[in-house]
Amino acid sequence: MRKPNIAILGATGVVGREITKIVDELKIPYNEIKFLSSAKSAGTKLQFQGKEYTVEEAVPESFDGVNIVLASAGGSTSQKFAPEIVKRGGVLIDNSSAFRMDKDVPLVIAYVNDEDLKKHKGIIANPNCSTSQLMLVLKPLNDVAKIKRLVVSTYQAVSGAGLAAINELTANTEARLAGKDFENKCFKKPIAFNVIPQIDVFCENGYTKEEMKVVNETKKILHLDENLPISCTAARVPVYNGHSEAVDIEFEKEISPEEVREILGKAFGITVMDNPENYEYPTTRDASGVNPVFVGRIRKNLAFNNGISLWCVADNLRIGAALNTVRICKKVIEMDLF
């Protein structure tokens, strides 16, 4: 198996640091590795696998001789450097939304639609965090019973909005408890002790961009019919890490809760935690810092024919961003696609 030269773009950010950690955890084979950032963060020292590295400012020449770039530096940065990476023969695995709905760019969840990787033309997109955990749940169920209709409600942690949002939750909570005024900057409403039914901007149809990402990305990843009805409501909750989702699925054929538990119990990346009589169901604390998507509250849906309702939770910085990015990298190496 050939070993690539790897670069991590956005290495000093929350997700970039997580990517670095997971490259080590998954023992990704490489010849050389470098860490890139904006000019503002260049010069930062990073420890990786017993060595100290200096983060370099990302410029076009940074990608000379680099085979795979793991990027989590924002859409504008990805758009800026993508042509330079591809021109130099590299493969960009991008964690931003810049290329997700581009028809020529595979949108991939590792172990869900790996075959789509073979279609890449130098860019591979990593889906949105709330979509990522959902796909590992839906794929094995869709293979058995075929999805007819889908309704998703997400309860998303502040870490999905970056380090400033994490700090705002802390500062807002402290101010609230002390009875002091607080000016929120990251969110449109105070986040402490609150639930905000808006993530990203509103579209003309009344849904937010975050909600439409779930709709559109689900169809692209699972190769579902464009007319298949999917609806999503996304809310920001005062939790540091871990996204939760209430999922209601109507299938084309009948499937029982027992069958769903059995299917998901054998599925890649899923841990079933479903014994409500003993208060065993997943919460964000169960998921934080670990890899599985946890699924519980599996039950017959009372509103849909052939319907199932379930609850799923995952660490959004890992499966929703860094972990899938690195898993894609592993697949690209194993499939010799660089």
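Computed from a predicted model, the values in this text were never measured in an experiment. (Residues numbered from 1 in each chain as written. Predicted model: local features only at pLDDT ≥ 70, side-chain atom pairs only at ≥ 80, totals over all residues. Heavy atoms only, no water.)

Caption draft 1: Highlighting the sheet that holds strand 12 (residues 270–272). Spatial strand order, 10-9-11-14-13-12: six strands in an open sheet with mixed pairing. What marks the edges here is a single partner per strand, and that holds for strand 10 (230–236) and strand 12. On average, each strand axis in the sheet is tilted by 20 degrees relative to the strand beside it, whichever way the strands run. Summarising the sheet, strand 9 (residues 147–156) and strand 10 pair through seven bridges and their orientation is parallel. By the bridge assignment for strand 10, Q156 is matched with R236. Packing against the sheet, helix 3 (residues 129–145) makes contact with strand 9, strand 11 (243–251), strand 12, strand 13 (293–300) and strand 14 (307–314), and its axis sits at approximately 25 degrees to strand 11. (Pairing = 2+ DSSP bridges. Helix = DSSP H or I, 4+ residues; strand = E, 2+ residues; numbered from the N terminus. Axes fitted to C-alpha atoms, helices over the stretch in contact; angles between N-to-C directions. Contact = heavy atoms within 4.5 Å.)

Caption draft 2: Representation of the pairing of strand 6 (residues 68–71). By the alternation rule, side chains of strand 6 split into I68 and L70 and V69 and A71, which are all buried. In this sheet, strand 6 lies alongside strand 1 (residues 6–9) in parallel orientation, the contact comprising four bridges. Directly across from I6, in strand 6, lies its bridge partner I68. Of the pairings in the sheet, the one linking strand 6 to strand 7 (residues 91–94) comprises four bridges and is parallel in character. Across the sheet, V69 pairs through a bridge with L92, a residue of strand 7. Read as a crossover between parallel neighbours, the route from strand 6 over helix 2 (residues 75–87) to strand 7 is right-handed. (Buried < 20%, exposed > 50% of the residue type's maximum accessible area, 1.4 Å probe, protein only. Right-handed = clockwise from strand over helix to strand, strands pointing away.)

Caption draft 3: Quick peek at the nonpolar core. Judged by nonpolar contacts, the single largest core of 88 residues is most densely connected at L70 and L310. Looking at this core, the element that brings in the most residues is helix 8 (residues 318–334), giving nine residues. In this view, L70 contacts I6, A7, I8, L9, I19, V23, I93, T325, V326 and C329; residues no more than four positions away in its chain are not counted. One finds V158, I166, I191 and I196 within the second-largest nonpolar core, a separate group that totals seven residues. (Core = buried A, V, L, I, M, F, W, Y, C linked by side-chain atoms within 4.5 Å.)

Caption draft 4: Highlighting the packing of helix 3 against helix 6 (residues 257–265). Direction vectors running N to C along helix 3 and helix 6 enclose 120 degrees, while the axes themselves pass 10 Å from each other. As judged from the angle between their axes, helix 3 and helix 6 are oblique. Relative to helix 6, helix 3 is oriented so that their crossing is right-handed. Contact residues: helix 3 offers V137, P140, L141 and V144, while helix 6 offers V260, I263 and L264. Split by residue class, the contact of helix 3 with helix 6 holds seven nonpolar, no polar and no charged. (Parallel < 35°, antiparallel > 145°, perpendicular 65-115°, else oblique. Left-handed = near helix turned anticlockwise from the far one by under 90°. Nonpolar A, V, L, I, M, F, W, Y, C, P; charged D, E, K, R; others polar.)

Caption draft 5: Representation of the layout of surface pockets in the model. The volume enclosed by the largest pocket comes to roughly 1200 Å³. Along the walls of the largest pocket sit 49 residues, with G74, S159, G160, A161 and G162 positioned nearest its centre. When contributions to the lining of the largest pocket are tallied by element, the ones reaching two or more residues are helix 1 (14–25), helix 2, helix 5 (209–222) and helix 8. Tallying contributions element by element places helix 2 first for the lining of the largest pocket, with four residues. Looking at the lining of the largest pocket residue by residue, the classes come out as 19 nonpolar, 22 polar and eight charged. Volume-wise, the second largest pocket comes out at about 180 Å³. Here the residues of the lining of the second largest pocket are counted per class, giving four nonpolar, one polar and seven charged. (1 Å grid on protein atoms, 1.4 Å probe; cavity = no way out; pocket = protein on both sides within 12 Å on 5 of 7 lines; lining within 4 Å. Points joined across faces, edges and corners; volume = space filled by probe spheres on them.)

Caption draft 6: Up close: the packing of aromatic side chains. Enumeration according to the criterion identifies seven aromatic pairs in this entry. Judged by centre distance (6.3 Å) and plane angle (35 degrees), the ring pair of Y30 and F48 falls under tilted. In this pair, Y30 is assigned in the loop between helix 1 and strand 2 (33–37) and F48 in strand 3 (residues 45–48), connecting sequence segments 18 residues apart. Here Y30 falls in the buried class, since its relative accessible area comes to 18%. Look at F48 and you get buried, because its relative accessible area is 3%. An aromatic cluster is defined as three or more aromatic residues linked by ring pairs; in this entry it consists of Y30, F35, F48 and Y53. Across the ring face of F338, the terminal group of R2 is positioned such that the distance to the ring centre comes to 4.1 Å. (Phe/Tyr/Trp six-rings, centres within 6.5 Å; stacked < 30°, edge-to-face > 60°. Lys NZ or Arg CZ within 6 Å of the ring centre and 35° of its normal.)

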